[in-house]
Amino acid sequence: MKKSKQFWIFISSSIAAYAIVQLLINMGILDDFYINTLVFMSINIMLAVSLHLVIGITGQFSLGHAGFLAVGAYVSAIVTMKLQLPFLVAILAAGVMATIAGLIIGIPSLRLRGDYLAIATLGFAEIIRIIFLNIEYVGGAAGMQVTHLTNWTYTFICLFATIVIIVNFTNSRHGRACISIRENEIAADAMGINTTYYKVLAFAIGAFFAGIAGALYAHNFYIIQPVNFGFLKSIDILIYVVLGGLGSLSGAIVATILLTIVSTFLQSYPETRMIIYSLVLIIVMLYRPKGLMGTMEITDYFKLWRGSKGGSKHGQ
């Protein structure tokens, strides 16, 4: 009953947030800079939440998320620019193709663990980047020009679906199976959980939403290039998850919002931007080594606050 109430509170607050932002856009209060920042932030949240499922929930250290982002970006660009199909079709095609890519890399590599899995997924992401780099059909190294089709409505719907589906998956028996793999894979296997199946499933779901984020990313900027999907992009997404706290979806979202704002407003200071950005990361990790929220969610903090408030009243 409590979870149902929290779900409907989240639904209503999300719709209210969308309506407020859309109203501000229609009234001209939010200009293109703020709209673009909001869209870019939402895309980053989608990437962080999808990687959170792989690393934070299932405990699989992946460095290949930029590869799924690239697959989604280029597939969607081909669908809209070459095949002249609607943007919605491009978004779905991007998600499906990224899922297929996730299965191709996931089935053989997820038998690996730890650093070996990270190296395998990193190699996959680089292979994807090199493939697009050498295909003239999509522009090669020069990149591919893409029509701007991403707007606040498309972005909100995709972001909302990503969060709702991953939260519900995490709270389901499948999510609990993934958490048991994270905590102790050998024990989970001994209890009859098909560890390979659930690792591949989490990997495929994460890849699907990374592909959708790729479609939004490609159509938010007027050109996509293979250099945009290199090793550093995977590291950026990983930082969102680790900084927020491994196992905390709320933490990943908060960290993504914080770092996107810091990075965006430091663009006017290119000489000192990365220095300040790095200092923010170092300071946070020094004082919060388990991340901003550790393994807790925002709702957990509300429960603690209510408990302490009730205890203080009882004491009085």
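For the structure, check the block above.
Right, let's walk through the structure included here. (Residues numbered from 1 in each chain as written. Predicted model: local features only at pLDDT ≥ 70, side-chain atom pairs only at ≥ 80, totals over all residues. Heavy atoms only, no water.)

### What about the environment of H52?
Selection criterion: Helix and strand labels come from DSSP, where a helix needs a run of H or I of at least four residues and a strand needs a run of E of at least two; each type is numbered from the N terminus. Any two residues having at least one pair of non-hydrogen atoms within 4.5 Å are treated as being in contact.
Relative to the helices and strands, H52 is located in helix 2 (residues 32–57). What H52 contacts, discounting residues up to four positions off in sequence, is I57, V241, G247, S248 and L249.

### Description of the packing of helix 6 (residues 152–171) against helix 7 (residues 173–183)
Worth spelling out the cut-off: Every axis in this analysis is a line fitted to C-alpha atoms, fitted for helices over the stretch in contact. Angles between the N-to-C directions lie between 0 and 180 degrees. Just so you know how the angles are binned, under 35 degrees is roughly parallel, over 145 roughly antiparallel, 65 to 115 roughly perpendicular, and the rest oblique. Classification used: nonpolar for Ala, Val, Leu, Ile, Met, Phe, Trp, Tyr, Cys and Pro, charged for Asp, Glu, Lys and Arg, polar for all others including Gly.
Two elements in contact, helix 6 and helix 7, have axes separated by 4 Å at closest approach and are oriented at 70°. When the axes of helix 6 and helix 7 are compared, the pair comes out roughly perpendicular. Only R173, H174, G175, R176, C178 and I179 of helix 7 make contact with helix 6, whose side of the interface consists of F169, T170 and N171. Here the residues of the contact of helix 6 with helix 7 are counted per class, giving 3 nonpolar, 4 polar and 2 charged.

### Let's talk about a nonpolar patch on the surface
Selection rule: Candidate patch residues must exceed 30% relative accessible area and have no salt bridge, after which like charges are joined if within 9 Å and Val, Leu, Ile, Met, Phe, Trp or Tyr side chains if within 5 Å. Areas reported here follow the Shrake-Rupley algorithm with a probe of radius 1.4 Å; residue values treat only the protein chains shown as occluding. A pairing counts as a salt bridge when a side-chain nitrogen of Lys or Arg comes within 4 Å of a carboxyl oxygen of Asp or Glu.
A grouping of I275, I276, L279, I282, I283, L286 and Y287 is seen on the molecular surface, where their side chains present a nonpolar patch of about 750 Å² in accessible area. By the secondary structure assignment, I275 is in helix 12 (residues 273–287).

### Considerations on helix 6
This is how the line gets drawn: Take the number of residues in a helix, subtract one, and multiply by 1.5 Å to get its expected span. Relative accessibility decides the category of a residue: with a 1.4 Å probe and only protein chains considered, values under 20% of the type maximum give buried, values over 50% give exposed, and everything between is partly exposed. Counted as a polar contact is a pair of N or O atoms within 3.5 Å, where, for protein atoms, one must be capable of donating a hydrogen and the other of accepting one, and residues adjacent in sequence contribute only when both atoms are in side chains.
In a regular helix each residue adds 1.5 Å, so 20 residues correspond to 28 Å; helix 6 covers 28 Å between its end C-alpha atoms and thus fits that length. Among all positions of helix 6, only W152, T155, F156, C158, L159, T162, I163, V164, I166, F169 and T170 are buried. Backbone nitrogen of T153 and a side-chain oxygen of the N-cap are separated by 3.2 Å at the start of helix 6; the cap is N151.

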